[in-house]
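Observations on the three-dimensional arrangement
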Amino acid sequence: MPVSGPRAELWRAPTDNDHGSGFGSYDLADPWADLGHGTAAPSSNDVWTDAGLHRLTARTEAVDDGGRHRRLRYAAADSSLALLAEERWTATGDAEVLRVDLVPTEGWRIHWPRLGVRFALPGSVDRAAWFGAGERESYPDSARSALVGRFEADVDDLTVEYARPQESGHHSGLRELVLFEGGSPWLRIEAAPDQQGRRPGFTLRRHTAEQVTAAGHPHELPASDHVYLWIDAAQNGLGSRACGPDVWPDHILRPEARTIALRFTPLR
């Protein structure tokens, strides 16, 4: 069945907390200063939008080995800042192994929403079973609310239907993800830890981050013929800036190089 990707991604549909700016930010200030109030700063959404993270375009810089090795540059049209991605596919028996090295160029002075890759899957993908954190979503500053184990859920139950559509449904600590199509197991994806032992997380939903961002209410989301899978090396924390403090510095995603290593095995 047709699958497109990987596409490197930095954008996530801003949460209510990402939109918040009434409380101070910890991004630019010592969180212990000023009685913990942080410092006046624009919202994360404004910072990310001003940097053009919602409109990155890919430029292929090199292709080798019949397209199994590619080097790409992702950047906004009017920016010299970029994310470099190097993809390598390797066949091992019935499986395919993908390694993606993601490296920021010099000059980034902001934090990022996410750092990962996105795949567009057929809309007939309807269920997921995973070995990782669950059963509810988990982010860097909400990971203690989830336990590592084996879980299953329909695609439509993996995200939260907020009054305003936004980022949701990320599951951290991924070891294995099995996707179902038409109720039957279709594809197994195994995720390896990086050299520091950090594991990626996944999100599975029927709309892109850009479509979710554009919708003011759930009924404004367009009809979808696809299911989208994100494998994120890292996500920015959630914080509580819509009604409280910013993301704690330990959970702010600073631009950094990360590697994602995945094994894809067909189950039919």
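Residues numbered from 1 in each chain as written. Predicted model: local features only at pLDDT ≥ 70, side-chain atom pairs only at ≥ 80, totals over all residues. Heavy atoms only, no water.

Once that is clear, we can look at the sheet that holds strand 8 (residues 147-154). Ordered in space as 2-3-4-5-13-10-9-7-8, the nine strands form an open sheet in which the pairing is antiparallel. Edge positions in the sheet fall to strand 2 (57-64) and strand 8, since each has one partner strand and no second. Strand-to-strand twist of the sheet, defined as the mean angle between neighbouring strand axes without regard to direction, takes the value 20°. Strand direction decides the pairing type here: strand 3 (residues 69-75) and strand 4 (residues 83-92), joined by six bridges, are antiparallel. Within the sheet, the bridge partner assigned to H69 lies in strand 4 and is R88. (Pairing = 2+ DSSP bridges. Helix = DSSP H or I, 4+ residues; strand = E, 2+ residues; numbered from the N terminus. Axes fitted to C-alpha atoms, helices over the stretch in contact; angles between N-to-C directions.)

Turning our attention to the sheet that holds strand 12 (residues 226-235). Read across the open sheet, the four strands follow the order 1-6-12-11; overall the sheet is antiparallel. Looking at the sheet topology across the chains shown, the edges are occupied by strand 1 (4-9) and strand 11 (201-205). The mean inter-strand angle of the sheet, taken between neighbouring strand axes irrespective of direction, is 20°. For strand 11 and strand 12, the ladder comprises five bridges, and the chain directions are antiparallel. The partner of G201 across the bridge, within strand 12, is D232.

Looking now at the environment of N17. The topology assignment puts N17 in helix 1 (residues 16-19). For the pair formed by N17 and L102, sequence separation is 85 residues and the distance between their alpha carbons is 27 Å.

The full count for this structure, using the stated rule, is nine aromatic pairs. Taking 5.7 Å as the distance between ring centres and 35° as the angle between the ring planes, the aromatic pair formed by W130 and F151 counts as tilted. With W130 in strand 7 (residues 125-134) and F151 in strand 8, the pair connects residues that are 21 residues apart, well separated along the chain. For the ring pair Y228 and W230, a centre distance of 6.4 Å and an interplane angle of 45° mean the geometry is tilted. A relative accessible area of 2% means that W230 is categorised as buried. (Phe/Tyr/Trp six-rings, centres within 6.5 Å; stacked < 30°, edge-to-face > 60°. Buried < 20%, exposed > 50% of the residue type's maximum accessible area, 1.4 Å probe, protein only.)

A separate point is the pairing of strand 9 (residues 176-181). Of all six residues making up strand 9, six are buried, and the element is well covered by its neighbours. Burial of strand 9 is two-sided: the residues E176, V178 and F180 facing one way and the residues L177, L179 and E181 facing the other way are all buried. Pairing analysis gives six bridges linking strand 7 to strand 9, with the strands arranged antiparallel. By the bridge assignment for strand 9, R127 is matched with F180. Relative to strand 10 (residues 184-192), strand 9 runs antiparallel, the two sharing six bridges.

Bringing unusual backbone geometry into the picture now. What you tend to see is this: most non-glycine residues have negative phi, and most peptide bonds are trans. In this model, G5 is joined to P6 through a cis peptide bond whose omega is 5°. Assignment of secondary structure puts P6 in strand 1. Despite not being glycine, D65 has its phi angle at roughly 55°, a positive value. Turning to its location among the elements, D65 is positioned in the loop between strand 2 and strand 3.

Along the polypeptide, S138 turns up in the loop between strand 7 and strand 8. In sequence terms S138 and T57 are 81 residues apart; their C-alpha atoms lie 29 Å from each other. The residues touching S138, leaving out its near neighbours within four places in the chain, are A133, A143, A146, H170, H171 and S172. In terms of polar contacts, S138 uses its side chain to reach the side chain of S172, at 2.7 Å. (Contact = heavy atoms within 4.5 Å. Polar contact = N/O pair within 3.5 Å; in protein donor to acceptor, adjacent residues only side chain to side chain.)

The subject of this paragraph is the pairing of strand 6 (residues 114-122). Taking burial as the measure, the nine residues of strand 6 include nine buried ones, the bulk of the element. When strand 1 meets strand 6, the two strands line up antiparallel, connected through four bridges. Each residue of the ladder has a partner; that of A8, found in strand 6, is V117. Of the pairings in the sheet, the one linking strand 6 to strand 12 comprises nine bridges and is antiparallel in character. Residue R114 lies in a different strand from strand 12, and its bridge partner there is Q235.

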